[in-house]
Protein chains: 2
Amino acid sequence: MANDPAVKAMDSMEEVWEAFRPELNEVEAQIEKHLNSHAPLINTVADHILSSGGKRIRPLLLILSARLFSYPEKEFLLLGSLVEFIHTATLLHDDVLDEADIRRGEKTARRVWGNHASILVGDYLYSQAMALIASLHNHDINEIMADACRKMAEGEVLQLCANSQPDLTETDYLKIVEYKTAILVAASCKVGAIIGGASVEEQMALYRFGYNLGMAFQLADDRLDYSADHAKLGKSLGQDIRQGMITLPLIHLLQACSADEQTWLKEKILSHSVDDQELERILGMMRKQGSLAYATSRAREYIEASALDLVSFPENPAKRSLAIVSAYMVNRDQ
Amino acid sequence: MANDPAVKAMDSMEEVWEAFRPELNEVEAQIEKHLNSHAPLINTVADHILSSGGKRIRPLLLILSARLFSYPEKEFLLLGSLVEFIHTATLLHDDVLDEADIRRGEKTARRVWGNHASILVGDYLYSQAMALIASLHNHDINEIMADACRKMAEGEVLQLCANSQPDLTETDYLKIVEYKTAILVAASCKVGAIIGGASVEEQMALYRFGYNLGMAFQLADDRLDYSADHAKLGKSLGQDIRQGMITLPLIHLLQACSADEQTWLKEKILSHSVDDQELERILGMMRKQGSLAYATSRAREYIEASALDLVSFPENPAKRSLAIVSAYMVNRDQ
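Along every chain, residues carry numbers that run from 1 in the direction the sequence is written. Written order determines the labels here, with chains lettered from A and ligands numbered from 1. Side-chain atom pairs in this predicted model are given and counted only at pLDDT of 80 or more, local residue features only at pLDDT of at least 70, and totals for whole chains, interfaces and linings cover all residues.

### Brief notes about the overall build of chain A
Here a helix means four or more residues in a row that DSSP labels H or I, a strand means two or more in a row labelled E, and each is numbered from the N terminus. Helices and strands together make up the secondary structure of chain A, namely 17 helices and two strands. For the C-alpha atoms alone, the extent of chain A along its principal axes is close to 60 × 45 × 35 Å. Contact between two residues is assigned when their C-beta atoms, built from the backbone, lie within 7 Å. Sequence separation of at least 24 residues holds for 74% of the intrachain contacts in chain A that already meet a minimum separation of 6.

And the structure:
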């Protein structure tokens, strides 16, 4: 299907989803197949979050990265389900840490089954993924995924330490984004490339591509918290600052605003109390200082960097799709 | 040192610790070496719990299981540190789930640095262990450890589901014990055997040995909660029933006691409220019905089973030490 002339001319995310639907459906089948624990609660909780409308961006990137090179046996799609397991494990733990009640417009697992179930099912999904990856007997894939998981855990701790620290620098912020988000996207692309039979150089190009895409994705996501349509995002605006989470628009604003404004902002960050009127004031300050435009431009820089790593590959539907996914990363809901 | 005639005649745990001190010291060095995260909080929290007087039973069993066969390069002791990392990760998450304030007589990590840090540092220790195991490029060890981690997570969920369920059967209880405790002990022994160059049959014998030892260990530990010297255990008596956790002495008592007593006990389990006087009453009932003696005898059965799997091995200091560790498992603080 991906060889169809109509697919080659595609230019929207909908067409990408459509073109790779058979592979994505197989990923769904693998997800279902491997939610087979002795503990029914694991299957219930995992199914709740895995069926809640996640876009399967990481499995899609893994598929596209493999298809860029070859058409391997569909067994490789197990790996697509496993990167989604790992991602989902982090969401379950994140929701506990953030005390989140809503995700993608639905009640969070921790809200329905409690924090304990969310922590443990997160542990299970993560270890189930690692066990299935180990069963494939591929050292490279093992090491890439285990290293990604370690860095993600490290990123979460760095983020915890950065909470309510108004002096967080852009460099520190970008390190957190790299560890907690970009590394897993990069790993998904590299694993896809390995399965597709790519050379070591090509694997590295896909890793860098995924890294830049992941950075752009998180930057755009953090920016959305200050600008998204509430209903589309499925959560309230300004959640990050209310939880003391310092992201790029706020880092920019803290540097650009007046000393008085900075003092006021720091007080708001430290107190974790920002009412709707105060949020409006902050949004106004961000507009005035160009903080949101700055965050967008930084995200776009990563997208531009990601394009460079695709240049050398021959034109094919997978390459076209990777470019479309890139553009989609910074144009969601804005 | 382990070949010394004095070691061969050893008959106490103190002598075992002493005889294998050089290897255990190397495990400590490896633990310290691999607490090298970018996030200082990880190193601080992990060091707090890793330095709190844990007995390193799992690394010791791994060492003894290797030494039963050969004297491999000391690099293998990295694996001793990694089984301790995995064990410690579960302790950090357990303390969050149990809302525990005290472990081994010290404040828990979650009490000092909060639940968030404990969850995330647990995630880190676990993923750091898996990443280092992956770096060894040994498929067998990879699979054993990943499978152990998956089963441990599953066991924790089974335990969560069994909480406050007075109808929990002994079979269900033993499954939880197997998953949450025995599998990692079994894996530690099997990994040791692999490193020592054991045959597949010998590896399986060591796995069964560790499994039985782990079962005995947890049964004895659960029994201690109803009988231990408070100061020695470093926590209060009767913690399990106060948290709705059903263990073997209570399962026995629920079956052996009168209908009226059963009704009262179930009410106590469901309400999570047991004052000191009520605990005394429960302990009296357990003494009368022989519930503690029953739990002890079940633990001893596992120890006896573990001995069978050592019979075929030639006598050497490691074998002698494994037998001493077995006996120690059911004779702690009683």
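We are not done yet, so read on.
### So, the interface of chain A and chain B
With 36 residues of chain A at the contact, the number on the chain B side is 36 residues. Among the secondary structure elements, those contributing two or more residues to the side of chain A that touches chain B are helix 4 (40–50), helix 6 (77–97), helix 7 (109–135) and helix 8 (139–162) of chain A. At 14 residues, the largest contribution of residues to the side of chain A that touches chain B is made by helix 8 of chain A. Only Asp, Glu, Lys and Arg are considered charged, only Ala, Val, Leu, Ile, Met, Phe, Trp, Tyr, Cys and Pro nonpolar, and every remaining residue, Gly among them, polar. Of the residues that constitute the side of chain A that touches chain B, the class distribution is 20 nonpolar, ten polar and six charged.

### Digging into the relation of the copies chain A and chain B
The least-squares superposition of copies is restricted to C-alpha atoms, and to residues with a pLDDT of at least 70 in both copies. When chain A is brought onto chain B, the operation consists of a screw motion whose angular component is 180° and whose axial shift is 0.0 Å, with 0.0 Å RMSD remaining. Such values leave the two copies arranged in the relation of a two-fold axis. Both copies contact each other with a shared surface, as 100% of the interface residues of chain A are interface residues in chain B too.

### Considering the packing of helix 10 (residues 200–224) of chain B against helix 16 (residues 291–308) of chain B
Residue and element names in this part refer to chain B. Where helices are involved, their axes are fitted lines through C-alpha atoms of the stretch in contact, as for all axes, and angles between N-to-C directions lie from 0 to 180°. Between helix 10 and helix 16, whose axes approach to 8 Å, the crossing angle comes to 165°. Considered as vectors, helix 10 and helix 16 are oriented roughly antiparallel to each other. For the pair helix 10 and helix 16, the crossing hand works out as left-handed. Seen from helix 10, the contacting residues are Phe-209, Asn-212, Leu-213, Met-215, Ala-216, Leu-219, Ala-220 and Arg-223; seen from helix 16, they are Leu-292, Ala-295, Thr-296, Arg-298, Ala-299, Tyr-302, Ile-303, Ala-305 and Ser-306. Note that the term roughly parallel is reserved for angles under 35 degrees, roughly antiparallel for angles over 145, roughly perpendicular for angles of 65 to 115, and oblique for everything else. Two helices crossing with the near one rotated counterclockwise from the far one by less than a right angle form a left-handed crossing, whereas a clockwise rotation gives a right-handed crossing.

### So, unusual backbone geometry
Residue and element names in this part refer to chain A. Of note, Glu-99 is a non-glycine position whose phi angle comes to about 50°, a positive value. By the element assignment, Glu-99 lies in the loop between helix 6 and strand 1 (102–103). Look at His-137: it is not a glycine, yet its phi comes out positive at around 55°.

### Re the environment of Ala46(B)
All names here are of chain B. By the secondary structure assignment, Ala-46 is in helix 4 (residues 40–50). Neighbour counting defines burial: a residue surrounded by 20 or more other C-beta atoms within 10 Å of its own C-beta is buried, one with 12 or fewer is exposed, and intermediate counts give partly exposed, using backbone-placed C-beta atoms. Classification of Ala-46 as buried rests on a count of 24 C-beta atoms within 10 Å. Those residues in contact with Ala-46 that sit more than four places away from it in its chain are Leu-35, Val-121 and Leu-125.

### Considering the environment of Ile63(B)
Residues and elements named next belong to chain B. Here Ile-63 is to be found in helix 5 (residues 57–67). Look at Ile-63 and you get buried, because 28 C-beta atoms sit within 10 Å. For the pair Ile-63 and His-252, spaced 189 residues apart in sequence, the C-alpha to C-alpha distance is 36 Å. The contact partners of Ile-63, leaving out residues within four places of it in the chain, are Phe-20, Glu-23, Gly-80 and Gly-192.

### Remarks on helix 3 (residues 21–33) of chain B
Here helix 3 of chain B is 13 residues long and its end C-alpha atoms lie 18 Å apart, about the 18 Å a rise of 1.5 Å per residue gives. Structurally, helix 3 of chain B contributes buried residues whose contacts are with helix 4, helix 5 and helix 6 (77–97) of chain B. Take the residue count of a helix, subtract one, and multiply by 1.5 Å to get its expected span.

### As for the confidence of the model for chain A
Here pLDDT means the predictor's own confidence in every residue, given as a number from 0 to 100. On average, residues of chain A score 91 in pLDDT, and 94% of them are at 70 or above. Predicted complex metrics record ipTM = 0.89 and pTM = 0.92.

### Description of the environment of Val16(B)
Residue and element names in this part refer to chain B. Following the sequence through the fold, Val-16 ends up in helix 2 (residues 13–19). Taking the C-alpha atoms as reference points, Val-16 and Ser-321, 305 residues apart in sequence, are found 5.9 Å from one another. When sequence neighbours within four positions are dropped, the list of residues in contact with Val-16 reads Met-10, Ser-321, Ile-324 and Val-325.

### Focus: helix 8 of chain A
In this model helix 8 of chain A runs 34 Å from its N-terminal to its C-terminal C-alpha over 24 residues, within 8% of the 34 Å that 1.5 Å per residue would give. Among the 24 residues that make up helix 8 of chain A, 19 are buried, leaving the element largely enclosed by the rest of the structure.

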